[in-house]
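Summary of the model geometry
Each chain, written out:
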Amino acid sequence: MTHSGSSLPDLPNSTSTSGPMSEIRSPPPDRVLEIVLENVLHFLTCRRDRNAASLVCRSWYRAEALTRSDLFIGNCYAVSPHRATSRFRRVKSLTVKGKPRFADFDLLPLNWGANFSPWGSALADSYPWLEKLHLKRMSLTDDDLDLIARSFPSFKELVLVCCEGFGIAGIASIAANCRLLRVLDLVESVVEVADEDEEVMDWISCFPEGETHLESLMFECVDCPVNFEALEGLVARSPFLKKLRLNRFVSIPQLYRLMHRAPQLTHIGTGSFCASDDVAVGDQEPDYASAFAACKSLVCLSGFRDILPDYLPAIYPACANLTSLNLSYADVNADQLKPVILQCHKLQTLWVLDSICDEGLQAVAATCKDLRELRVFPVNTREEVEGPVSEVGLEVISQGCRKLQSILFFCQRMTNAAVIAMSKNCPDLVVFRLCIIGRYRPDPETQEPMDDGFGAIVMNCKKLTRLAVSGLLTDQAFRYIGMYGKLVRTLSVAFAGDSDQGLKYVLEGCPNLQKLEIRDSPFGDAALRSGLHHFYNMRFLWMSSCKLTRQACQEIARTLPHLALEVIDSQEDKADDHIEILYMYRSLDRPRNDAPKCVTILQ
Amino acid sequence: MLAKEHGLNLKETELCLGLPGGGGGGGEAAAETLRTTGKRGFSETVDLKLNLQGNDNNKEDLDDNLKNVPKEKTLLKDPAKPPAKAQVVGWPPVRSYRKNMMAQKVSTEENKSGSATTEKTASSAATATATATAASGGSFVKVSMDGAPYLRKVDLTMYKSYQDLSDALAKMFSSFTMGNYGSQGMIDFMNESKLMDLLNSSEYVPTYEDKDGDWMLVGDVPWEMFVGSCKRLRIMKGSEAIGLAPRAMEKCKSRS
């Protein structure tokens, strides 16, 4: 966000106007170029390109600032809302990200921060024309949602991912007041719902009467019953609705009705996928497959909560066209998966549970030749079990799905050989995240550390930008990463490495590193200091349960004034100087004043 | 396993990496040394305490593993595995959102606890674990803390003891201290003056609503009984919880 000084002069005025009208009509000469520039810059949409353009000179900086309509704030504490709204005057779409990712795993105290309120007030003041708001890992209240609902008459799109702090009342306010709403996506957020005995607010009924502009409605994470009649009515009067993701309180027969109401749907998240109380035993159940056949444009299926695999055949009519299938909340085994997956020739994205076993992965590999993204989640997260997927499954996938770009794989055993095979078979890999659940687990065949496997990944996958490592790893693994991981932007490390040298390799070797999250690894002060030259280029560094001392952090804070070092400790008055959590990020503004007691900000 | 505090001797770690063929005896010592490279800082002491408590259980489980995993390198398969099956906070990195979603489907889980593991040669330990998880189905209770506008849900079956639960909650709620837990992880209800000190302080204490609808101080009953009877948790200031103490002491005395 910093811009170069005024070393470059403004470009000389090259336009010459002549003629009788020129004196009256033409803008001053220096403004002509700016206007031209503004018009040209409108076509520049990528924010990295815009950042580059803003550095050319002051004139370009101003023009770019006036024409940026999509603003991306990667860390809500990197800049104050005021600074952002002062520079960019005509923003229509804003994305803000808050808490660091490790908050998802309960490593961050709940009231740590990332409150939306200050942003809310700044936006209401500065951008009355705001249309889109995307928030990730932010904390927002019902009042915040109410403010959004009432402050922006042109508001069209609200996407909340991994957010929390709000409840049904806030959602209802959005539904009721945003007349032009097209997108309401609530994804993996914690929504406060009433206790079982309290009355649940009927937010679906809060949408206004008449035709809506809704294109996408996702409320899987709103964990309370919905008024189905109102929902059906809403769907029926939303002709533009393409994406609908229901919660588990919507049954299959109800889904059936909704699908027949909205055959134009392209993305469906089913509610619960099991025998319903609505249908009495002995009753003729509707032909669910007909609903899936009716939705001819269906490309993405998810949900399948509380699945009874007997109902899976209902989706057969949709399989041939599916590009995305999310069965990651559905505990199905290989035999139950196969008849489905063998029809999904066009599949590009697949999320599953490891209950499908290596055999299920074999079936995926045999059919889904176009697969780009695979995620395999664990049913059982205990460390000492014999897991259902292993190096066998990974190898088979690597052989069958050569176009793979992104993989997240949880397992209990993995060999270097399989990882090396994947590095060679899938050269397009951009994201490689392997989680061997047993900590410090070596290659079970060779008893070697997993260094060579990950080494091969960074060596052979030349487009790799995101890496997560696991298993028994020595400093050698990090040496490989530092040597070959030149494009790596995000790196996740847990229970790995031998000494400071490991982290040094990475900080010294990876010029594109932006996000580094480390837990429970023996990296200390010396290692931290080796990154001083690079920290301003990073969005953040997270180190928890490592070997850092408060003193070293203080030193760094003094050396780099635009770095905020948050030291988080859950216990007071520790005997030694070692800290529990360091969360460090660049910031242009004063340290935040909304931190809880357990957070000390060194600056 | 000895609960000895090792300094972080990294040289020793390096040697241990080449360990594989060490055999049983070597395995034990190696496991111990390698374990010191596991958790760091204050969490290390917690781990040791758990170790002490869980000692008997560990032996049984290791035996199970040995019996049922047919492959040769059993102990060495995972020489660095901490002997106590302590739940490490945030590991493996599965989002708590996802964990909550998975735990919600209790009834169907019980129906299919067998089928999910038949595909692979499952050790009976694994099956036993799967069935145990299925049977308990998770015990999700809401946790609220006075002053914090947040509610969280925790699965009590994820924890082995009050200390486990205390650690997890400590991480979640920042200024929450449960430093006054005794060695058993329970508030010492027999020591009235200690209890009164705690309740007169501004420290936070956990309370819970039990099956009967009564609000009690956490720690008055054995852990398993607590998991079975706890319906929700509320963390409040000691001074506010003082009204619960007489009732808690009564119930405790009537049980012993």
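Residues numbered from 1 in each chain as written. Chains lettered and ligands numbered in written order. Predicted model: local features only at pLDDT ≥ 70, side-chain atom pairs only at ≥ 80, totals over all residues. Heavy atoms only, no water.

What follows covers the overall build of chain B. When you go through chain B residue by residue, the secondary structure sums to 13 helices and five strands. The contacts of chain B with a sequence gap of at least 6 include a subset with a gap of at least 24, amounting to 65%. Total accessible area computed for chain B in this model is approximately 12,100 Å², and 54% of it derives from carbon and sulfur atoms. (Helix = DSSP H or I, 4+ residues; strand = E, 2+ residues; numbered from the N terminus. Contact = heavy atoms within 4.5 Å. Areas by Shrake-Rupley, 256 points an atom, 1.4 Å probe, with all protein chains shown as cover.)

For the rest of this paragraph, the subject is unusual backbone geometry. Trans peptide bonds make up the majority, and among non-glycine residues the majority have a negative phi. Cis geometry marks the peptide bond from tryptophan 91 of chain B to proline 92 of chain B, where omega comes out at -5 degrees. You can see proline 92 of chain B is positioned in the loop between helix H5 (74-77) and helix H6 (96-104). Unusually for a residue other than glycine, cysteine 162 of chain A sits at a positive phi of about 55 degrees. Within the secondary structure, cysteine 162 of chain A is located in the loop between strand E4 (157-161) and strand E5 (164-167). Even without glycine at this site, serine 545 of chain A takes up a positive phi of about 50 degrees. Mapped onto the elements of the fold, serine 545 of chain A is located in the loop between strand E20 (540-544) and helix H21 (550-559).

As a further point, take the UniProt feature "domain: COI1 F-box" (unreviewed entry) in chain A. As recorded in UniProt, the sites labelled "domain: COI1 F-box" (unreviewed entry) are residues 30-69 of chain A. Spanning residues 30-69 of chain A, this segment combines 75% helix with 0% strand, and its end C-alpha atoms are found 24 Å apart. (UniProt positions renumbered as here; feature names shortened; annotations may be inferred.)

The biggest cluster of nonpolar side chains holds 197 residues, and the ones touching the most others in it are Trp203 and Phe432 of chain A. Beyond its immediate stretch of four places on either side in the chain, phenylalanine 432 of chain A contacts Ile407, Val419, Met422, Phe454, Ile457, Leu464, Arg466, Leu467 and Ala468 of chain A. Listed in part, the 23 residues of the second largest apolar core include Val143, Met216, Val218 and Leu233 of chain B. (Core = buried A, V, L, I, M, F, W, Y, C linked by side-chain atoms within 4.5 Å. Buried < 20%, exposed > 50% of the residue type's maximum accessible area, 1.4 Å probe, protein only.)

As annotated by UniProt and renumbered to match this structure, "domain: Transport inhibitor response" (unreviewed entry) occupies residues 90-135 of chain A. The span residues 90-135 of chain A carries 22% helix and 20% strand; its end-to-end C-alpha distance comes to 19 Å.

All names here are of chain A. Of note, glutamate 232 is situated in helix H9 (residues 228-236). Assessed through its relative accessible area of 10%, glutamate 232 is described here as buried. In contact with glutamate 232, not counting residues within four places along its chain, are Arg257, Leu258 and Arg261.

We now examine a nonpolar patch on the surface. Residue and element names in this part refer to chain A. Judged by side-chain polarity, Leu33, Val36 and Val40 come together as a nonpolar surface patch covering roughly 230 Å² of accessible area. Within the secondary structure layout, valine 40 lies in helix H2 (residues 29-41). For valine 40, a relative accessible area of 49% gives the class partly exposed. (Patch = residues over 30% accessible without salt bridge, like charges linked within 9 Å, V, L, I, M, F, W, Y side chains within 5 Å. Salt bridge = Lys/Arg side-chain N within 4 Å of Asp/Glu carboxyl O.)

Once that is clear, we can look at the state of the cysteines. All names here are of chain A. Counted by the stated rule, this structure contains zero disulfides over all chains. Of the cysteine sulfurs around cysteine 162, a residue in no disulfide, the closest is that of cysteine 163, at 7.3 Å. For cysteine 162, a relative accessible area of 11% puts it in the buried group. No disulfide involves cysteine 221; its sulfur sits 9.2 Å from the nearest other cysteine sulfur, which is in cysteine 162. Of the residues examined, cysteine 221 reaches a relative accessible area of 4% and is grouped as buried. (Disulfide = S-S within 2.5 Å.)

The subject of this paragraph is the confidence of the model for chain B. Residue and element names in this part refer to chain B. Confidence in the prediction of chain B, expressed as mean pLDDT, is 57, and 35% of residues score 70 or more. By mean pLDDT, the top-scoring element of chain B is helix H11 (residues 223-229) (87), and the lowest-scoring one is helix H3 (residues 42-53) (34). Within the model, the stretch residues 106-137 combines pLDDT values under 50 with 44 contacts to residues more than four positions away or in other chains. The low-confidence segment residues 175-186, where pLDDT is below 50, has 28 contacts with residues more than four positions distant or belonging to other chains. For this predicted complex, the interface confidence comes out at an ipTM of 0.87, alongside a pTM of 0.76. (pLDDT = per-residue confidence, 0-100.)

Attention now moves to the pairing of strand E5 (residues 230-237) of chain B. Residue and element names in this part refer to chain B. Examined bridge by bridge, strand E1 (residues 140-145) and E5 share four bridges and lie parallel to one another. Paired with valine 143 across the two strands is leucine 233, which belongs to E5. Here strand E3 (residues 204-210) pairs with E5 via seven bridges, running antiparallel. Bridging across to E5, proline 206 finds its partner in isoleucine 235. (Pairing = 2+ DSSP bridges.)

Residue and element names in this part refer to chain A. Burial in helix H13 (residues 334-341) covers these residues: Ala334, Leu337, Val340 and Ile341. Looking straight down H13, one finds its buried side chains confined to an arc of 125 degrees; they lie on one side. At the N-terminal boundary of H13, the capping side chain belongs to asparagine 333, with an oxygen 3.2 Å from the backbone nitrogen of aspartate 335. (Arc of directions from axis to C-beta. Polar contact = N/O pair within 3.5 Å; in protein donor to acceptor, adjacent residues only side chain to side chain.)

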